[in-house]
Amino acid sequence: MSQEERLEKVRGEAPEKRPTVSVLARSTTHGDCPCARVALATRTDLDKLVKGTHFEVDFGQDPQTFLRGQLFERRVKDKDYAALIQLLRENAGFAITDARIRNLKSNAAHNETGLKQRATETRQLLRKMVRGGDDAPNIVDGAVLTCTIAGRTAYFEADGLAAAAGGRIHVAEVKSFPLTDGRCDNGKLGAACEQAAWYVLLCRRELVELDLPVDAVSHEGLIILAKGLGLEPALVKYDLTNRIVRAEQLLDSARVDEDVLRAVGDVQFPSAEEDPQQRIEVLERMMDRVGTQYRPDCLEDCGAAKLCRARAQGAGLASVCGSSIARMLPGVRTLGRAAELASGGVPAPSERHAAAALRQANAVYERVSKGGAL
Ligand code: SF4
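Residues numbered from 1 in each chain as written. Predicted model: local features only at pLDDT ≥ 70, side-chain atom pairs only at ≥ 80, totals over all residues. Heavy atoms only, no water.

Peer 1: Could you clarify how one ought to interpret the layout of surface pockets in this entry?
Peer 2: Any space left empty among the atoms is revealed by the rolling of a water-sized probe across them. For the second largest pocket, the calculated volume is near 280 Å³. Here the residues of the lining of the second largest pocket sort into six nonpolar, three polar and three charged. Each of domain 1 (1-296) and domain 2 (315-374) gives at least three residues to the lining of the second largest pocket. (1 Å grid on protein atoms, 1.4 Å probe; cavity = no way out; pocket = protein on both sides within 12 Å on 5 of 7 lines; lining within 4 Å. Points joined across faces, edges and corners; volume = space filled by probe spheres on them. Nonpolar A, V, L, I, M, F, W, Y, C, P; charged D, E, K, R; others polar. Domains from an automatic or database assignment.)

Peer 1: I tried to follow helix 14 (residues 335-342) on my own but got confused; where do I start?
Peer 2: Count 3.6 residues to each turn of an α-helix, and residues three or four apart come out pointing the same way. Taken together, the buried positions of helix 14 are occupied by Ala338, Leu341 and Ala342. Around the axis of helix 14, the buried residues are gathered within 100° of arc, so they sit on the same side. Elements that come into contact with the buried residues of helix 14 comprise helix 15 (352-369). (Buried < 20%, exposed > 50% of the residue type's maximum accessible area, 1.4 Å probe, protein only. Helix = DSSP H or I, 4+ residues; strand = E, 2+ residues; numbered from the N terminus. Arc of directions from axis to C-beta. Contact = heavy atoms within 4.5 Å.)

Peer 1: Any chance you could explain unusual backbone geometry here in plain terms?
Peer 2: Note on backbone geometry: most residues besides glycine have negative phi, and most peptide bonds are trans. In this structure, Asp80 takes a positive phi of about 55° despite not being glycine. With respect to the secondary-structure elements, Asp80 resides in helix 5 (residues 63-92). Non-glycine residue Asp211 carries a positive phi angle of around 60°. Along the chain, Asp211 turns up in the loop between helix 7 (186-209) and strand 7 (220-227).

Peer 1: Just checking my understanding: could you explain empty space enclosed by the protein for this structure?
Peer 2: For the structure shown, the criterion picks out three cavities of 30 Å³ or more. Taken as a whole, the largest cavity holds about 290 Å³ of empty space. Residue lining of the largest cavity: 18 residues in total, with Lys17, Val23, Ser27, Ala36 and Leu40 positioned closest to the centre. When residues of the lining of the largest cavity are traced back to their parent elements, those giving at least two are helix 2 (21-27), helix 3 (34-42) and helix 4 (46-49). The element contributing the most residues to the lining of the largest cavity is helix 3, with four residues. Of the residues contributing to the lining of the largest cavity, the split by class is seven nonpolar, five polar and six charged. Each pocket or cavity is described by its volume, and for the second largest cavity that value is around 100 Å³. Residue composition of the lining of the second largest cavity, by class: ten nonpolar, three polar and no charged.

Peer 1: Is there a simple way to think about the nonpolar core in this case?
Peer 2: Generally speaking, nonpolar side chains in soluble globular proteins are found buried as a group. In this structure, Trp198 and Phe269 are the most contacted members of the largest nonpolar core, which totals 83 residues. When residues in this core are grouped by element, the largest group, twelve residues, is from helix 7. Counting 18 residues, the second-largest nonpolar core is a separate cluster that includes Val76, Tyr81, Ile85 and Ala92. (Core = buried A, V, L, I, M, F, W, Y, C linked by side-chain atoms within 4.5 Å.)

Peer 1: Honestly, the domain arrangement of the chain in this entry has me stumped. Any pointers?
Peer 2: A common way to report how large an interface is uses the accessible area buried once the components associate. Considered domain by domain, the chain is made up of domain 1 (1-296) and domain 2 (315-374). The C-alpha-based centres of domain 1 and domain 2 are spaced at 40 Å.

In structure tokens:
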């Protein structure tokens, strides 16, 4: 059986989640979780699998935020992308004298055939942009990029834009959250940069296949945000180098190693039609087989987060307290074990470092709780 067939068998009747750049961007933070990797490789929709159960999560976007996003995007692209061109000229040093814009969404069907057609056009345009011909576009909207995830070709509809000057391509992400006095929500900005980094990586992979130099796609992302609470666009540049490296590592790990597939054995993800209790039991069986890596930030974007949190709390894992606490307890898996070490339990070699710190902290705590000085 080919790997593709094996992965399809693992997904079984579970609902499918088509990978998008934002799905990939979110996966970057969970690259160390085998269960999340299996879900990504098999394209299993974990959000839908927990729907109707006690562990359902809601990542739905607030309708007002959604509306603001649409209005802002229209503002940036209105009048043949006039606002974008002005930003590129004034803030990114682009010498766009004659704008040559290609909107690949305008003529393509909204189905798989349309995606494939746009992917072919994107490749042709990338080649032209890097070679810098007279007919090369300098702004591309609606690009579709491809890459192989776990042996299967996936099509990614980039929601960002590509802007080129002098044969160098820059990725631009349009986000409507506010930039006030040069500051904005760091979490949202990080997510926007993560998406832009994936866009850069996928463009670069296309260039490798076209035998063109990868550094034709800049590591610097252009993030377009709204000035204050209005809709006037502003542009900020970010170095995406580290994020691109992380994205590349995730893409490599999304191959799903033979040992993970072996661990899965004959377990399949459950069907969304199954009874909720049954669904959770099967999902837990999968988690037990392959392993998970729960952290509180799973709650921000993984469909299985509430289930994993309950399991981690039940097992008393140190990771429920957050990554910073877990980092302070190297080699110590549970909070119960941390308590044992703090009160003088004999540490295993891998626990020695944490045990010394815990004993010291415990001594200070004992002294203070008995009314002594620090
Ligand atoms: S919520 Fe669970 S499955 Fe999802 S990334 Fe976290 S540990 Fe992995």
